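# Coordinate analysis (summary)
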Amino acid sequence: MSTDTITNRNRLLLALIGGFAGYSFWFLFEVLEDFFSNSHVFLLIAAATFGFFGSLMALFGQLKLGRAALSAVVVAVPSALLLFWASFRFVEMEEFLETGLPLIAYSVLITIPLPFLITAQSAKEGWRYYPALFDHAWNIVVRYAAAWLFVGIFWAVVMLCNALFNIVGLTTIEDLLDIDWVPFALTGGILGLAIAVVNELSDYVSPFLILRLLRLLLPAFVVVVAVFVLALPLQGLSGLFAGLSAAATLLAIAVAAVTLVSTALEKEDADAVEGFVMLGSVRLLSLMTPIIVALAGYAVWLRVDQYGWTPDRLALATVVVLMQTYAVAYAVSVILRHNWMIHIRRANTYIALLLIALAALWLTPVLNPERISTNNQIARFEAGRTDVETLDVWAIGREWGHAGAAGLRRLEAMTDHPQSEQLQAKITRVTEASNRYELENTRTTTEINLSTRELLQILAVRPESAVLKEEMFARLPSNTLNAIMDGCGRTTPEGHSGCVALFVDLLPATTDPEVIVAYMTGSQSARLVAFVPTENGGYEFKQYLSDLSDSSSNYRGADTVDAILAGRFATGPAEIQVLRLLDSSIFIQP
């Protein structure tokens with residue numbers, strides 16, 4: 001068979017495979033989904049279909065069609081079954097997919113094994129032969145990227161042609177695209193055709209250019225990381241307390257470091273970087289990466305120690321373990337010096353297998369993040385390490401699937417816990433609220449009474465003979481009530497509790513005095529809110545006050561509470577009565 005015949009046959013086959021894949025996806029999600037009452041079974045079929053066609057189009061060209069199809073089945077079926085198994089952690093499929101983490105694990109399972117399968121069937125040296133693994137891995141990435149770029153260009157041209165036809169009143173293209181399955185099949189067919197052409201031009205469309213460009217980043221990247229590491233003793237670790245965002249940033253740097261080291265060393269010593277600067281950069285980056293990952297791990301642990309495990313924190317911890325395995329392997333290889341490049345490449349092979357194993361475990365009961373998180377959160381609450389205000393009952397009962405629902409029942413049974421009354425009230429809110437926003441902005445009568453009584457006990461009053469009424473705070477938004485209570489827990493510059501209620505007569509139309517509450521919002525700031533008497537004997541909450549000066553009347557300096565407690569204020573007329581507090585004149589809009 002001539003070369004042209006083989007080329008045309010491969011193009012036709014990949015175009016047909018891609019077109020059929022696109023049609024299959026349309027049929028699955030637009031037609032077949034309505035016939036499935038069991039969403040778990042539908043997920044199994046959809047995942048197997050996606051995994052099969054995605055793997056087949058990556059493998060065909062590297063392998064013959066029969067072997068490529070068999071290998072795609074080997075990848076797609078176990079991955080889909082694991083995802084199917086994990087989906088039973090939730091009642092609703094939408095809740096399962098919204099977590100995102102199982103889909104990431106599934107993506108790993110249908111992509112990372114592909115270079116191993118190609119190498120096992122094409123390299124005489126065996127499935128662990130690193131030069132072949134390196135080439136096949138980067139070829140898949142580059143060829144898929146180039147093919148999708150062509151698909152984007154194709155659709156841009158189609159839209160342009162359609163616009164041209166519309167000028168003369170022709171709707172041929174538009175009518176064709178209005179057929180539901182055509183855009184799906186056309187996209188798949190063009191993608192398959194593009195992959196076939198890219199496979200033919202492997203000498204031209206290769207990772208070589210990208211790998212060489214990545215090398216240019218290495219010295220500058222090493223300088224940035226080195227400056228960061230050297231600045232640590234001077235600047236301290238306070239930035240790690242920013243939470244998981246700091247950990248995610250550090251892990252992203254670690255991933256970039258591992259990628260740059262791997263690309264610099266390439267597949268063999270003969271292809272690796274040369275020269276003092278480049279080799280020194282590789283060695284130095286390999287030695288610094290464990291520090292970066294260790295800091296990421298510490299940042300994650302700070303959050304876990306303070307608030308306990310959640311699925312997101314568990315996922316980050318898993319990435320920390322994986323990246324630290326890379327980092328330590330690289331650093332040890334450099335320290336041992338002898339054949340250090342070969343050791344790093346060998347480490348890449350085995351750590352890729354570890355990644356596959358972790359992704360598979362994530363979809364099994366061994367690494368069920370919802371179950372682990374639920375058990376940890378409840379254990380912390382039982383041990384007194386987490387109070388009822390900090391305990392995320394919404395996440396446990398509404399976001400963590402069957403494990404969370406079982407955990408919520410365990411919490412409901414804790415009638416002998418010291419905070420049982422507050423806990424039961426919070427559980428009631430969780431079960432009644434339709435979303436987290438509604439939960440955070442509504443409170444049960446029990447919670448209102450508990451919070452109000454607690455606030456009345458700690459809120460200072462001026463004049464001291466004045467009496468606060470419970471109903472004054474009964475209709476406060478939850479976030480405002482919590483903010484005032486948090487302010488009371490702070491300390492003013494003069495050492496007082498950070499909140500005070502001032503009874504003052506500012507509005508002539510009211511018979512009872514108004515109440516202005518000042519509370520600390522930070523170590524250097526305070527806020528003012530007001531309660532205005534109404535005709536029916538209640539109080540209207542005023543969140544925003546007005547000031548005759550140019551400064552904001554709501555947010556004041558840290559000495560505001562101290563000034564009220566010490567009596568450093570006065571009232572006086574200014575068309576309406578005002579509160580002269582420090583350098584401001586506060587009044588309430590009638």
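The paragraphs below set out a description of the structure included in this document.

Of all 6 residues in strand 2 (residues 499-504), 6 are buried, a share of seventy percent or more. Going residue by residue along strand 2, you find Cys499, Ala501 and Phe503 tucked away on one face and Val500, Leu502 and Val504 tucked away on the opposite face as well. Two elements, strand 1 (residues 460-462) and strand 2, share 3 bridges in a ladder whose sense is parallel. From the neighbouring strand, valine 461 faces strand 2, where its bridge partner is alanine 501.

Inspection of the secondary structure assignment puts valine 197 in helix 9 (residues 182-200). Sequence separation of valine 197 and leucine 177 is 20 residues, and the distance between their C-alpha atoms is 25 Å.

Further remarks concern unusual backbone geometry. Geometrically, the link from arginine 462 to proline 463 is a cis peptide bond, its omega value of -5° lying close to zero. Tracing the chain through its elements places proline 463 in the loop between strand 1 and helix 21 (478-488). Its identity is not glycine, yet arginine 337 carries a phi of approximately 70°, on the positive side. Within the chain, asparagine 339 stands out as a residue other than glycine whose phi angle is a positive 55°. Take asparagine 339: it is sitting in the loop between helix 13 (311-336) and helix 14 (340-362). The class for asparagine 339 is partly exposed, based on a relative accessible area of 37%.

Taken as a whole, this structure holds 10 salt bridges when the rule is applied. In this structure, lysine 267 and aspartate 135 form a salt bridge, with 2.9 Å as the shortest nitrogen-oxygen distance. Of this pair, lysine 267 sits in the loop between helix 11 (244-265) and helix 12 (276-307) while aspartate 135 sits in helix 7 (residues 130-167), and the two are 132 residues apart along the sequence. Between arginine 462 and glutamate 464 there is a salt bridge, with its nearest N and O atoms 3.9 Å apart.

At a minimum axis distance of 9 Å, the contact between helix 13 and helix 15 (residues 369-382) shows a crossing angle of 115°. Taken together, helix 13 and helix 15 sit at an angle that is classed as roughly perpendicular. In the packing of helix 13 onto helix 15, the handedness of the crossing is right-handed. When helix 13 is examined against helix 15, the residues Pro311, Arg313 and Leu314 are found in contact with a partner set consisting of Pro369, Glu370, Ile372, Ser373 and Gln377. Partitioning the contact of helix 13 with helix 15 into residue classes produces 4 nonpolar, 2 polar and 2 charged.

Here we come to the packing of aromatic side chains. On inspection of all chains with the given rule, the structure shows 16 aromatic pairs. Aromatic pair phenylalanine 134 and tryptophan 138: ring centres 6.5 Å apart, planes at 50°, arrangement tilted. Placement of both phenylalanine 134 and tryptophan 138 in helix 7 is noted, with a separation of 4 residues, approximately one turn of the helix. Of the two residues examined, phenylalanine 134 and tryptophan 138, each falls in the buried class. Each ring, one from phenylalanine 531 and one from phenylalanine 541, has its centre 5.4 Å from the other, and the planes form 45°; the classification is tilted. Of this pair, phenylalanine 531 sits in strand 4 (residues 525-533) while phenylalanine 541 sits in strand 5 (residues 539-542), placing them 10 residues apart in sequence. Overall, the relative accessible area of 0% leaves phenylalanine 531 in the buried class. Taken together, Phe20, Phe25, Phe50, Phe52 and Phe53 form an aromatic cluster joined through their ring pairs.

This part is about the pairing of strand 3 (residues 514-522). Where burial is concerned, most of strand 3 is hidden: 8 out of the 9 residues are buried. Here 7 bridges tie strand 3 to strand 4, and the two strands are oriented antiparallel to one another. Bridging from a neighbouring strand, valine 515 pairs with phenylalanine 531 of strand 4. A loop of 2 residues connects strand 3 with strand 4, the two strands running antiparallel in sequence.

Definitions and cut-offs
Sequence order as written defines the numbering, with residues in each chain counted from 1. For a predicted model such as this one, the threshold for reporting local features is a pLDDT of at least 70, and the threshold for listing and counting side-chain atom pairs is 80 or more; totals across whole chains, interfaces and linings nevertheless cover every residue. Based on all heavy atoms of the structure, the side-chain values leave hydrogens and waters out of the count. Here's how the labels work: a residue is buried when its accessible area is under 20% of the maximum for its type, exposed when over 50%, partly exposed in between, all with a 1.4 Å probe on protein chains only. Each helix is a run of DSSP H or I of at least 4 residues and each strand a run of E of at least 2, with the numbering of both proceeding from the N terminus. When DSSP locates at least two bridges between a pair of strands, those strands are taken to pair. The term salt bridge refers to a pairing of a side-chain nitrogen on Lys or Arg with a carboxyl oxygen on Asp or Glu at a separation within 4 Å. Interaxial angle, 0 to 180 degrees, is taken between N-to-C directions of lines fitted to C-alpha atoms, where a helix line uses only the stretch in contact. The labels follow the angle: roughly parallel below 35 degrees, roughly antiparallel above 145, roughly perpendicular from 65 to 115, and oblique for the rest. Handedness of a crossing follows from how the near helix is turned relative to the far one, being left-handed for an anticlockwise turn of less than a right angle and right-handed for a clockwise one. Contacts: residue pairs with any heavy atoms within 4.5 Å of one another. Ten residues, namely Ala, Val, Leu, Ile, Met, Phe, Trp, Tyr, Cys and Pro, are considered nonpolar, four, namely Asp, Glu, Lys and Arg, are considered charged, and the remaining ones, Gly among them, are considered polar. Each Phe, Tyr or Trp ring (for Trp, its six-membered ring) is paired with any other whose centre lies within 6.5 Å, and the angle between the two planes then decides the class: stacked below 30 degrees, edge-to-face above 60, tilted in between.

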